[in-house]
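Commentary on secondary and tertiary structure
Each chain, letter by letter, is given below.
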Amino acid sequence: MEHYDILIVGGGAAGISAAKSAKGKKVLLAEREEKLGGILLQCAHRGFGGDLSGMEYAATLTAGLDNVKVSLNTTVLSINCDKTALLSQKDSGRRKISFSRLILATGAMEIAAGALPIAGDRPKGVYTAGMMQKLVNCQGFAPDGPVVILGSGDIGLIMAAAIAKMDIPVTLVEKEAALGGMARNRRRLDGLSVDMVLNSTVAEIFGERELEAVLLSSGEKLPCKTLLVAVGLECDRKLIRKLENPEWLRLCGNCERVHPMIESVINDGTQAGEWACGI
Amino acid sequence: MKSYDAAVIGGGVLGCFALRSLCRYRLSAVLIEAQADVCMGVTRANSAIVYAGYDNKPGSLKARMCVRANRHFHELCSELDVPFSRCGSLMTSCGEKGNAVLEKKYRDGIANGLEGLELISGDKARKMEPMLSRDVQSALYAPMTGTVNPWRLGIAACENAVQNGAELRLNTKLLAIKETDGGYILHTDREDIFCKAVINCAGLSAHVVQRMVYPCAVSIEKDAADFLVMDRDIEKPSRIIFQEKEDGKGITAVPCTEGNLLVDSAPRAMTRPYATSAEGIESIKKQLTALLPELEQDIIRTFAALRPNPHSEDGRSINDFCIETPAPGFVSLIGIKTPGLTCAEELGRYVAGICAEYLQAPPNPAFDGHRQAIDCADGDIVCLCEGISRAEIVESIRRGARTVEAVKRRVGTGMGRCQGSRCEIKIAQILETYSNGTL
Ligand SMILES: Cc1cc2nc3c(=O)[nH]c(=O)nc-3n(C[C@H](O)[C@H](O)[C@H](O)COP(=O)(O)OP(=O)(O)OC[C@H]3O[C@@H](n4cnc5c(N)ncnc54)[C@H](O)[C@@H]3O)c2cc1C
Ligand SMILES: Cc1cc2nc3c(=O)[nH]c(=O)nc-3n(C[C@H](O)[C@H](O)[C@H](O)COP(=O)(O)OP(=O)(O)OC[C@H]3O[C@@H](n4cnc5c(N)ncnc54)[C@H](O)[C@@H]3O)c2cc1C
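Residues numbered from 1 in each chain as written. Chains lettered and ligands numbered in written order. Predicted model: local features only at pLDDT ≥ 70, side-chain atom pairs only at ≥ 80, totals over all residues. Heavy atoms only, no water.

What follows is about helix α3 (residues 129-139) of chain A. Among the residues making up α3 of chain A, those that are buried are A129, G130, M131, M132, Q133, L135 and V136 of chain A. On its buried face, α3 of chain A is in contact with β9 (108-110), β11 (126-128), α4 (154-165) and β18 (226-229) of chain A together with α12 (424-434) of chain B. Immediately downstream of α3 of chain A, the backbone of G140 of chain A shows phi near 65 degrees, a positive value. (Buried < 20%, exposed > 50% of the residue type's maximum accessible area, 1.4 Å probe, protein only. Helix = DSSP H or I, 4+ residues; strand = E, 2+ residues; numbered from the N terminus. Contact = heavy atoms within 4.5 Å.)

Residue and element names in this part refer to chain A. When cut into domains, chain A gives domain 1 (2-109 + 234-276) and domain 2 (112-231). Centre-to-centre separation of domain 1 and domain 2, based on C-alpha positions: 30 Å. Of the residues lining the interface, 10 residues belong to domain 1; the matching set on domain 2 comes to 10 residues. Across the interface of domain 1 and domain 2, roughly 800 Å² is buried in total on both sides, 49% from carbon and sulfur atoms. Counting across the interface, domain 1 meets domain 2 through 0 salt bridges. (Domains from an automatic or database assignment. Buried area = accessible area lost by both parts, 1.4 Å probe. Salt bridge = Lys/Arg side-chain N within 4 Å of Asp/Glu carboxyl O.)

This paragraph deals with the site of ligand 1. Close contacts around ligand 1 come from 38 residues, with E31, I39, R184, N254 and I262 of chain A the closest. Mapping the residues near ligand 1 onto chains gives chains A and B. Within the backbone of R32 of chain A, one N or O atom sits 3.2 Å away from a nitrogen atom of ligand 1. Contact between ligand 1 and P260 of chain A: a nitrogen atom at 3.2 Å from a main-chain N or O atom of the residue. In isolation ligand 1 offers 990 Å² of accessible surface; the protein chains occlude 95% of this area. Elements supplying a minimum of two residues to the shell around ligand 1: α1 (13-21), β3 (46-48), β6 (74-80), α4 and α6 (262-278) of chain A. No other element matches β6 of chain A, which puts 3 residues into the shell around ligand 1. Classifying every residue of the shell around ligand 1 by side-chain character gives 18 nonpolar, 15 polar and 5 charged. Both of domain 1 (2-109 + 234-276) and domain 2 (112-231) of chain A provide at least three residues apiece to the shell around ligand 1. (Near = heavy atom within 4 Å. Polar contact = N/O pair within 3.5 Å; in protein donor to acceptor, adjacent residues only side chain to side chain. Areas by Shrake-Rupley, 256 points an atom, 1.4 Å probe, with all protein chains shown as cover. Nonpolar A, V, L, I, M, F, W, Y, C, P; charged D, E, K, R; others polar.)

All names here are of chain B. All told, the structure shown has 40 salt bridges over all chains when counted by the stated rule. Here R126 and D123 are joined by a salt bridge, their closest N and O atoms 2.8 Å apart. Of this pair, R126 and D123 are both found in helix α5 (residues 122-128), 3 residues apart, which corresponds to roughly one turn of the helix. For E167, the salt bridge identified is with R169, shortest N-O distance 3.5 Å.

Bringing a negative patch on the surface into the picture now. Residues and elements named next belong to chain A. Among the surface-exposed residues, D144, E208, E210 and E212 lie close enough to one another that they form a single negatively charged patch. By secondary structure assignment, the location of E212 is in the loop between β15 (202-206) and β16 (213-216). Judged by its relative accessible area of 52%, E212 falls in the exposed class. (Patch = residues over 30% accessible without salt bridge, like charges linked within 9 Å, V, L, I, M, F, W, Y side chains within 5 Å. Lys, Arg positive; Asp, Glu negative; His and termini not counted. Charge placed at Lys NZ, Arg CZ, Asp CG, Glu CD.)

On to the packing of aromatic side chains. Considering all chains together, one arrives at 8 aromatic pairs over all chains under this definition. Judged by centre distance (6.2 Å) and plane angle (25 degrees), the ring pair of Y51 of chain B and F242 of chain B falls under stacked. Note that Y51 of chain B is positioned in the loop between β3 (49-50) and α2 (61-71) and F242 of chain B in strand β14 (residues 240-245), a separation of 191 residues in sequence. The residues Y51 of chain B and F242 of chain B share a single accessibility class, namely buried. Feature note: the residues Y184, Y214 and F330 of chain B constitute an aromatic cluster, connected by ring pairs. Over the ring of W275 of chain A we find R101 of chain A, and its NZ or CZ is 5.9 Å from the ring centre. (Phe/Tyr/Trp six-rings, centres within 6.5 Å; stacked < 30°, edge-to-face > 60°. Lys NZ or Arg CZ within 6 Å of the ring centre and 35° of its normal.)

So, on to the interface of chain B and chain A. Tallying the contact residues gives 33 residues for chain B and 31 residues for chain A. Summing both partners gives a buried area of about 2700 Å² for chain B against chain A, and 45% of it is carried by carbon and sulfur. A per-residue breakdown of the area chain B buries against chain A is headed by R272, R422 and I425 of chain B, which together make up 21% of the total. The tally of links between chain B and chain A comes to 6 salt bridges. With a shortest N-O distance of 3.0 Å, D236 of chain A and R422 of chain B are connected by a salt bridge. Our enumeration of links across chain B and chain A arrives at 13 residue pairs in polar contact (both at pLDDT 80 or more). Split by residue class, the side of chain B that touches chain A holds 13 nonpolar, 10 polar and 10 charged.

On to the site of ligand 2, then. All names here are of chain B. If you check the shell around ligand 2, you find 35 residues, and the closest are E33, T43, I49, I336 and T342. Taking N46, its side chain carries an N or O atom lying 2.7 Å from an oxygen atom of ligand 2. Here an oxygen atom of ligand 2 sits 3.3 Å away from a polar atom, N or O, in the main chain of A48. Here ligand 2 has 1000 Å² of accessible area as a free molecule, and 95% of this is covered by the chains. Those elements that provide at least two residues to the shell around ligand 2 are α1 (13-22) and β18 (299-311). With 3 residues, β18 is the largest single contributor of residues to the shell around ligand 2. When its residues are assigned to classes, the shell around ligand 2 shows 17 nonpolar, 14 polar and 4 charged.

With that out of the way, let us pick up the nonpolar core. Within the largest apolar cluster, 80 residues are counted, with the highest numbers of intra-cluster contacts made by L22, Y54, V148, L153 and I199 of chain B. Setting aside residues no more than four positions away along its own chain, Y54 of chain B makes contact with S89, M91, K105, D108, G109, N112, L114, L117, L140, A142 and F242 of chain B. Core analysis: the second largest hydrophobic core is formed by 29 residues, A19, A105, W275 and A276 of chain A among them. (Core = buried A, V, L, I, M, F, W, Y, C linked by side-chain atoms within 4.5 Å.)

Along the polypeptide, R301 of chain B turns up in strand β18. The spacing of R301 of chain B and R232 of chain B is 69 residues in sequence and 12 Å in space, taken between C-alpha atoms.

Looking now at empty space enclosed by the protein. Once rolled over the atoms, a probe with the size of a water molecule shows which space is left empty. All names here are of chain B. Under the definition given, this model contains 3 cavities of 30 Å³ or more. Around the largest cavity, the lining comprises 18 residues; the ones closest to its centre are N149, W151, C256, E258 and L262. Mapped by element, the contributors of at least two residues to the lining of the largest cavity are β8 (146-148), α6 (150-163) and β18. Taken together, the residues that form the lining of the largest cavity break down as 10 nonpolar, 5 polar and 3 charged. The residues that make up the lining of the largest cavity include at least three from each of domain 1 (2-45 + 150-218 + 318-359) and domain 2 (85-146 + 221-310). (1 Å grid on protein atoms, 1.4 Å probe; cavity = no way out; pocket = protein on both sides within 12 Å on 5 of 7 lines; lining within 4 Å. Points joined across faces, edges and corners; volume = space filled by probe spheres on them.)

Right, here's the structure in full:
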């Protein structure tokens, strides 16, 4: 069985930073996609490390990884308490490896519509905001308008701005009395035409096959063809669910807690890499 | 015009099994389904229970078929390579009226020939299922109750029928039927089809289909039920739990073969077809708290079901399976409700038998009832939540899946926590690559 000093699961900003700081050790960085970068790769907006887009930032980040073995198209399927992991790679299939330290950098996933107390139909046209971000920025897709976005956190705000810029009518629905997210993301809406409904949420969905409208808790019915759910992220710790905090494991980046800023993700990843080398 | 010995109208679980059973005879058969896939109607949303048979009136067709079907369910599922779990069930009661209902069901079960049925105390029930509420006073334990995924079962039967030479017409809606010399002309929104005999399995519309050519005294009213699906990783009971309340049927919690807990409500009035109701969902959650107070209600999905309620012209509801033969070569299964999933094979065999007798078709010695589940994983994991690989998805397309939804129902993609938000784009791309004749 192949052995590594350090196995890093997930090649987003956190995993890359951890790999870079784990100097002098035998490291495997496993990433399930065909490219490193994680969430950054779907961010076309500027605001990473100053004024770069997520994609540009990812390119600068991946420079200098030469001493690390990067295994792309590789999903880590399970992690066992005997410090082994089952990997599945696109062309070579499954293999088991062993490691001394594990850094989990699997990021976060979006809370899907199914988990929300929304009644009514289950038509096409309901997406998570992040999935739409990927469709728009990586596939050149344009959502059918009007669009309703539920939740005005950072992702909701970024998507509202992106869609308004495509001249598609968009309404942001937020259950609190004010928009959420960071101030700099709220400023993205300046000068754009985005309708806002505060103190409200989506109570019911209408449309047997295609989405037709959403009913808000305020009683207002908004006709729409696309609903984006942007109600938050949930740390993705499925792989370690059955492990009981072993001393050889450390979490970093969005799977440890959801970070709004890339700088703190990099910091977190770097520290995790240093920890893994230090002991 | 294409011509067949027998045509099945409707590809729910019953139509799929009728088609498979037709293959046991030497005849040509086709299934006509309006939707893009089979098992998208009533079969899509049900409780997934393989009933023991104590709920049905002794002597009824339902009781006989259900008890027999339950006994053979393991065999059926191994033939079709579909996961089946004989997990057992506890029907619980918290009061006198409920206790009396349990006692009656116990007696009916015994009369129906069930072995191993037991009336037990609340304490004993809690020993078996420690999560049960302290309020549970008594329970009816049925070790033979089980669970199966309804669409997996129907799809497997349909695949097996196709392996045995039957044909499938999806996206094809029957609009009218004309009686002609020696058979029927089926007018669909695509083509006209000739057949000598018809098996009508159109579910909620079976009365409408029969009326296309014969009278039908049965009508179908619809009501609805809401469902919640919990994340796989929560701690849950290992048996099916029924709740019999003082004022009637309560919720049912089913530990599915996929590992999720499925919880459904008693019937409610329908608003829009397949639309969930906020009050319905809230009430399930409340009743679940009363029944299983410690359960973490980690809901990943909600959906609603449509329930057929067949009734006769004078408005009386029909409690037994409603099977009509308005003409020798025409048989209808009308609005079959619980335990229709359990009895799908029995019902399919029964109607195919009627049809074969009419056609005087001899048994088909080449019939092979074995079908194999998709089992060809490669290294390219597409659905992260469920660990499903590209090769499995490609195989589901080869077997006929043409939509993201159809792939999901064959291999389980998108059934996890993220509900497809991380893999749907990739699956759509694979469909695009492979479904245009490349396979
Ligand atoms: C939509 C959005 C917009 C943002 N905008 C900004 C911004 O403008 N400015 C800013 O500073 N910050 C922004 N952030 C914050 C910051 O960029 C992110 O928090 C950060 O990129 C997260 O990095 P991560 O490595 O923790 O997670 P991710 O980038 O999600 O990386 C996780 C990686 O793990 C991989 N993976 C997961 N499971 C497995 C497995 N089992 N096997 C193998 N690989 C696996 C995934 O494929 C992924 O590549 C934004 C965040 C989001 C979500
Ligand atoms: C809420 C609920 C829970 C249930 N739980 C259980 C359970 O736990 N255990 C159990 O044993 N049973 C259960 N049942 C019963 C079981 O689900 C049904 O008996 C069974 O699914 C009925 O299948 P079907 O093939 O008749 O109907 P359907 O699945 O509705 O199939 C009918 C098909 O006909 C097609 N069709 C209709 N008209 C046309 C046309 N003109 N042209 C072409 N195609 C047409 C439709 O598109 C549809 O696909 C439950 C039922 C409900 C409602």
